[in-house]
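Listed here are the chains, written in short residue letters.
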Amino acid sequence: MNRAEFHVADSCIGCGKCVLVCPGGVLSLGEDHKPRIKDFSEFGWIGHGCWRCEHCLAVCPQGAIRILGHKPEDSLPPVSPDSAAPFMDALIAGRHSHRRYLDRNVEKDIIDDMVARLGNAPNGSNKQQVEFTLIDDKEQMKIFRSAAYNRMTELAEQGIYPEGFEGIYYEDMKNWEKTVRPDMLLCGVPHALIPHAPIGSGEYRADVLVAGTYFELLCACRGLGSVMLTFPLNALKQMPEIKSMLEIPEDHYIGMIIGFGYPEIEYARGTQRQIPPERIHRLTFK
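Residues numbered from 1 in each chain as written. Predicted model: local features only at pLDDT ≥ 70, side-chain atom pairs only at ≥ 80, totals over all residues. Heavy atoms only, no water.

Taking 1.5 Å per residue as the helical rise, helix H5 (residues 138-157) with its 20 residues ought to reach 28 Å, and the 28 Å between its terminal C-alpha atoms agrees with that figure. Within the span of H5, buried status applies to Lys138, Met141, Phe144, Arg145, Ala148, Tyr149, Met152, Leu155 and Ala156. Projected down its long axis, H5 shows its buried positions confined to an angular sector of 125°, all on one face. Away from its buried face, by an angle of more than 90 degrees, H5 presents the exposed residues Ile143 and Glu157. Where the residues of H5 are buried, they touch strand S5 (131-135), helix H6 (167-175), strand S6 (191-198), helix H8 (231-236) and helix H9 (240-243). Between the side-chain oxygen of the N-cap and the backbone nitrogen of Glu139 there are 3.0 Å, and the N-cap of H5 in question is Asp137. Just past H5, the residue Gly159 takes up positive phi, approximately 80°. (Helix = DSSP H or I, 4+ residues; strand = E, 2+ residues; numbered from the N terminus. Expected span 1.5 Å × (residues − 1). Buried < 20%, exposed > 50% of the residue type's maximum accessible area, 1.4 Å probe, protein only. Arc of directions from axis to C-beta. Contact = heavy atoms within 4.5 Å. Polar contact = N/O pair within 3.5 Å; in protein donor to acceptor, adjacent residues only side chain to side chain.)

Take the layout of surface pockets next. The computed volume of the largest pocket comes to approximately 1500 Å³. Where the lining of the largest pocket is concerned, the elements lending two or more residues are helix H2 (55-59), helix H3 (81-94), helix H4 (108-117) and helix H7 (204-220). In terms of residue count, H3 provides more of the lining of the largest pocket than any other element does, four residues in total. A class-by-class count of the residues in the lining of the largest pocket yields 23 nonpolar, 10 polar and six charged. Its volume calculated, the second largest pocket comes out at about 250 Å³. In terms of lining, the second largest pocket is formed by 18 residues, of which the most central are Gly94, His96, His98, Ala220 and Glu266. Secondary-structure elements contributing two or more residues to the lining of the second largest pocket are H3, H7 and strand S7 (225-229). Here the element with the most residues in the lining of the second largest pocket is H3; it accounts for three residues. Within the lining of the second largest pocket, the residues separate by chemical class into seven nonpolar, seven polar and four charged. (1 Å grid on protein atoms, 1.4 Å probe; cavity = no way out; pocket = protein on both sides within 12 Å on 5 of 7 lines; lining within 4 Å. Points joined across faces, edges and corners; volume = space filled by probe spheres on them. Nonpolar A, V, L, I, M, F, W, Y, C, P; charged D, E, K, R; others polar.)

Next up on the list: the packing of aromatic side chains. Counted according to the given criterion, the structure contains six aromatic pairs. For the pair Phe40 and Phe43, a centre-to-centre distance of 5.2 Å together with 70° between the ring planes defines the contact as edge-to-face. Lying across the ring of Tyr262, Arg104 places its NZ or CZ 3.8 Å from the centre. Its end group placed over the ring of Tyr253, Arg205 keeps NZ or CZ at 5.9 Å from the ring centre. (Phe/Tyr/Trp six-rings, centres within 6.5 Å; stacked < 30°, edge-to-face > 60°. Lys NZ or Arg CZ within 6 Å of the ring centre and 35° of its normal.)

With the rule as written, the count across this model stands at three cavities of 30 Å³ or more. Here the largest cavity is characterised by a volume of approximately 100 Å³. Cys22, Cys50, Cys53, Cys56 and Ile67 are, among the 16 residues lining the largest cavity, the residues nearest its centre. Looking at side-chain class alone, the lining of the largest cavity contains 12 nonpolar, two polar and two charged residues.

Keep in mind these values describe shape, not function.
Encoded structure:
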């Protein structure tokens, strides 16, 4: 049974590259030097099946392979290193944590497009198990922020502070509302994306963090500001009734909340931070 919908066109030249890049080992060359896929019961590592990585489609020089309903002609072309490297260098240096935002919605089609592209983010064994909780309307965000902020304030008045933030540090965060951020909890973000994945299955911690990192870069190259927030997670641990508003299963790992939107303040240039030599440990084996 061809569960992966793997098809090979007559233009295949039998080079075997698809076989060499198949991490699931489900492809082989037949006597006619055309690739074929073996039957499998389940996608992924456990089922000894196709990993749904689409490496075969991407590597074929002739564009002869279709899989999972996807056609090679619908793929984006590779980017030349001559143009990609300087762009990526500038993108990384120019990605900043934004803590002030315009009271404006990002267009839904832009958000939908960015979230859909997270399907290309690396994940362990390509299990594709990361889920995304999204608040894509600023008025809905205000409802959640108000509920969480008010409850956090009530708890602080009782001497109950977010995990890891004793009174003095909580007050420091509070003072920052006068300058760097309009609210200490969520930075006044109009939108939030929360990647999460089932605990104990695959590389759930890494998968969630990688997806969040990719989303930040997608925001940066679309003129959007973003910020990775962990303080709200510490606060939500103290208020389960507010956390439940997010409807995230209790057995799911959450690494961060990513706030995003149109930034209030634009940066004029990238930073110049570098890794000092003492933090680089080169190995030489004999």
